[in-house]
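Coordinates in review
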Amino acid sequence: MKILIVGSGGREHALAWKIAQSPMVKKIFCAPGNPGIAEVAECVDMEAENIEGLYNFALKQKIDLTVVGPEDTLTAGIVDRFRDGRLRIFGPSKRASIIEGSKVFAKTLMKKYGIPTADFKAFDDLKQAKKHIATCKFPLVIKADGLAKGKGVFVCKTLEEASKHIENIMNEKIFGHAGDKIVVEEFLAGEEVSILAVTDGKTILPLSSVQDHKAVYDGDKGPNTGGMGAYSPVPLITDELQYFIEENILVPIVHAMKKENRSYKGVIYAGLMITSAGPKVLEFNARFGDPETQVLLMRMKSDLVPILLSTANSNLEDVDIEWHNGTSICVIMTSKGYPDKYEKGLPISGLEILKGADNMQVFHAGTSVKNGKVITNGGRVLGVTTIGKDLREAQKRVYEAIQKLSFGGAHYRRDIGSKAILRKN
Ligand code: AMP
Ligand code: GLY
């Protein structure tokens, strides 16, 4: 088979690395890819947003299956274009990926179908929104409706703060049309967990639990990022909780989408807060998570390709997923200053030391090559990923490995997985 992966981050490197292990696969392309991906796939100089270009490429190269990473490409309708042109693709349609593309849509749907989530109100009028927050308890959460590269959510401690963010989103249009509407939402306290599942719209196959660490600094301090590190499985998610999440969140959302004539195929990713009153949905994503995918694929024993194919072919009922024992962990190295401004083009050293190490992968995200040397080219640069017999061993291994890598101003959290280790003692 020939496979095309769309995207250029650590998630896409993990997908390429796992797909390359499948005996079913002869050739992998990735558009646009990155230097790490180039070790297992042929990178194609084409942006992930160029849907027509990607379609023509897939048609010409006789691609058997296309796998899409980024949400923007999904909400822009790549899946519809490929299906209309009779090409096989893994992911939700434009109508279905609105579950991530519009928070107002997702929240309204959850309310309609009784899926546990924070109380909220949606607004398309600035004055009304401001009037409402004057009656609310704080902290309070303000969310831009549309896609905002993970930056559209504000946890506000005061009325002034909330008011400023509403102004910025609805008046200053800092996220463009993504801020035409907003959600004002109750603050939920608890621990965050990501539960992903693959579904063909009928069968739902949950993946193992993952905990991401969103804040940039240790102890969950500082601004939120795309994700600073993750581990899987999450001991907090007992079998009982997992069952609750499947029965009360995953099954109802897939059914709800079908009922709304937005039949869902691909990965459904539930970002959850485990509150004292049980799991509640913070958001749904229409794609694989990053860095969730890195740790999930490190632990996945099964071949990923039949899972992706059966989803696209609507026969997922025949598929099972096996996992390696133990715990996987990924720690993200970022450029100094991320998630705000950062420098690019700094040489990275130590990659060759970790190459070929057992059960260890350095997934590339924001990297590039200059004069034959790998350099930094983004906020999240590398995802050092490994597996151990338990979380403690995995954590020790990952932090030993990360010592071997360096670039100017490199930053990483020192406490990925620590909350779970401390809780167990
Ligand atoms: P979202 O994109 O909706 O998942 O929000 C991004 C991040 O903001 C989440 O991962 C949480 O850390 C935080 N967040 C979102 N909604 C809430 C909420 N209702 N209560 C507390 N934190 C939240
Ligand atoms: N790790 C968070 C996300 O993929 O949205």
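One can find the structure itself at the top, above this paragraph.
What counts and what doesn't
- Residues numbered from 1 in each chain as written.
- Chains lettered and ligands numbered in written order.
- Predicted model: local features only at pLDDT ≥ 70, side-chain atom pairs only at ≥ 80, totals over all residues.
- Heavy atoms only, no water.
- Helix = DSSP H or I, 4+ residues; strand = E, 2+ residues; numbered from the N terminus.
- Rg over C-alpha atoms; globule rule 2.2 N^0.38 Å.
- Buried < 20%, exposed > 50% of the residue type's maximum accessible area, 1.4 Å probe, protein only.
- Contact = heavy atoms within 4.5 Å.
- Areas by Shrake-Rupley, 256 points an atom, 1.4 Å probe, with all protein chains shown as cover.
- Lys, Arg positive; Asp, Glu negative; His and termini not counted.
- Charge placed at Lys NZ, Arg CZ, Asp CG, Glu CD.
- Near = heavy atom within 4 Å.
- Polar contact = N/O pair within 3.5 Å; in protein donor to acceptor, adjacent residues only side chain to side chain.
- Nonpolar A, V, L, I, M, F, W, Y, C, P; charged D, E, K, R; others polar.
- Phe/Tyr/Trp six-rings, centres within 6.5 Å; stacked < 30°, edge-to-face > 60°.
- Lys NZ or Arg CZ within 6 Å of the ring centre and 35° of its normal.
- Arc of directions from axis to C-beta.
- Pairing = 2+ DSSP bridges.
- Axes fitted to C-alpha atoms, helices over the stretch in contact; angles between N-to-C directions.
- Core = buried A, V, L, I, M, F, W, Y, C linked by side-chain atoms within 4.5 Å.
- Salt bridge = Lys/Arg side-chain N within 4 Å of Asp/Glu carboxyl O.

With that out of the way, let us pick up the overall build of the protein chain. Across its full length, the protein chain carries 14 helices and 22 strands. In terms of overall dimensions, the protein chain is globule-like: its C-alpha atoms have a radius of gyration of 21 Å, near the 22 Å expected for 425 residues. Taking the principal axes of the C-alpha coordinates as reference, the protein chain spans close to 60 × 45 × 45 Å. Within the protein chain, buried positions represent 58% of all 425 residues. In the protein chain, of all internal contacts separated by at least 6 residues, the share reaching a separation of at least 24 is 68%. Summing over all exposed atoms, the protein chain offers an accessible surface of approximately 18400 Å²; the carbon and sulfur share of this is 49%. With 57 positive and 51 negative side-chain charges, the protein chain shows a separation of 1 Å between the mean positions of the two kinds.

With that settled, the discussion passes to the site of ligand 1. Residues in contact with ligand 1 amount to 14 residues; listed here are only the nearest, Glu185, Leu188, Glu192, Lys214 and Glu283. The separation between a nitrogen atom of ligand 1 and a polar main-chain atom of Glu186 is 2.9 Å. About the coverage of ligand 1: the protein hides 90% of its 470 Å² of free accessible area. Counting residues per element, the ones that place at least two in the shell around ligand 1 are β7 (140–144), β9 (182–186) and β17 (278–285). In terms of residue class, the shell around ligand 1 is built from six nonpolar, one polar and seven charged.

This structure, assessed with the given rule, holds seven aromatic pairs. Taking the centre distance of 5.5 Å and the plane angle of 75° together, the rings of Trp17 and Phe363 count as edge-to-face. Residue Trp17 is located in helix α1 (residues 10–19), and its partner Phe363 is located in strand β19 (residues 360–364); the two are separated by 346 residues in the primary sequence. Aromatic side chains Tyr55 and Phe82 sit 5.6 Å apart centroid to centroid with 85° between the ring planes, which places their arrangement in the edge-to-face category. Placement of Tyr55 in helix α2 (residues 51–60) and of Phe82 in helix α4 (residues 78–84) is noted, with a sequence separation of 27 residues between them. Both residues of the pair, Tyr55 and Phe82, belong to the buried class. Between the NZ or CZ atom of Arg414 and the centre of the ring of Tyr412, over which it lies, the distance is 4.1 Å.

Attention shifts here to helix α7 (residues 126–133). Within α7, burial applies to Leu126, Ala129, His132 and Ile133. Within α7, the buried residues cover an arc of 125° as seen down the axis, which keeps them to one side. Among the exposed residues of α7, those pointing more than 90 degrees away from its buried face are Lys127 and Lys131. At its buried positions, α7 is contacted by β6 (120–123), β7, α8 (159–171) and β9.

So, on to the environment of His213. Of note, His213 is situated in the loop between β12 (211–212) and β13 (215–217). Classification of His213 by relative accessible area gives buried; the value is 2%. Residues His213 and Pro291, 78 residues apart in the sequence, show an inter-C-alpha distance of 9.3 Å. Among residues more than four places away in sequence, those in contact with His213 are Thr225, Gly227, Met228, Gly229, Ala230, Tyr231, Arg413, Asp415, Ile416 and Gly417. A polar contact of 3.3 Å, which involves the side chain of His213, links it to the backbone nitrogen of Gly417.

A few words on the sheet that holds strand β8 (residues 153–156). Taking strand neighbours across the sheet as the criterion, the four strands line up as β6-β9-β7-β8 in an open arrangement whose pairing is antiparallel. The two strands at the open ends of the sheet, each matched to only one other strand, are β6 and β8. Taking the axes of each pair of neighbouring strands and ignoring which way they run, one obtains an average angle of 20° across the sheet. Of the pairings in the sheet, the one linking β7 to β9 comprises five bridges and is antiparallel in character. Note that in β9 the partner of Ala144 across the bridge is Ile182. Of the strands in this sheet, β6, β7, β8 and β9 are in contact with helix α6 (residues 103–112), which crosses β9 at around 45°.

This part takes up the nonpolar core. Ranked by size, the top nonpolar core spans 54 residues in total, and within it Ile99, Ile268 and Phe284 carry the most contacts. By residue number, the principal contributor to this core is helix α9 (residues 239–259), which donates eight residues. Setting aside chain neighbours within four positions, we find Ile99 in contact with Phe105, Ala106, Leu109, Ile253, Met257, Tyr264, Ile268, Phe284 and Ala286. Counting 42 residues, the second largest nonpolar core, distinct from the first, contains Val25, Phe288, Cys330 and Ile332.

All right, on to the pattern of salt bridges then. For the coordinates displayed, the defined rule picks out 21 salt bridges. As a salt-bridge pair, Lys130 and Glu167 come within 2.7 Å of each other at their nearest N and O atoms. Remark: Glu167 occurs in helix α8 and Lys130 occurs in helix α7; sequence separation between them is 37 residues. Here Asp220 and Lys419 are joined by a salt bridge, their closest N and O atoms 3.0 Å apart. Remark: Lys419 occurs in helix α14 (residues 418–424) and Asp220 occurs in the loop between β13 and β14 (221–224); sequence separation between them is 199 residues. Bridged by salt links that share partners, the residues Asp220, Arg413, Asp415 and Lys419 form one connected network.

Just geometry here; none of it tells us what the structure is for.
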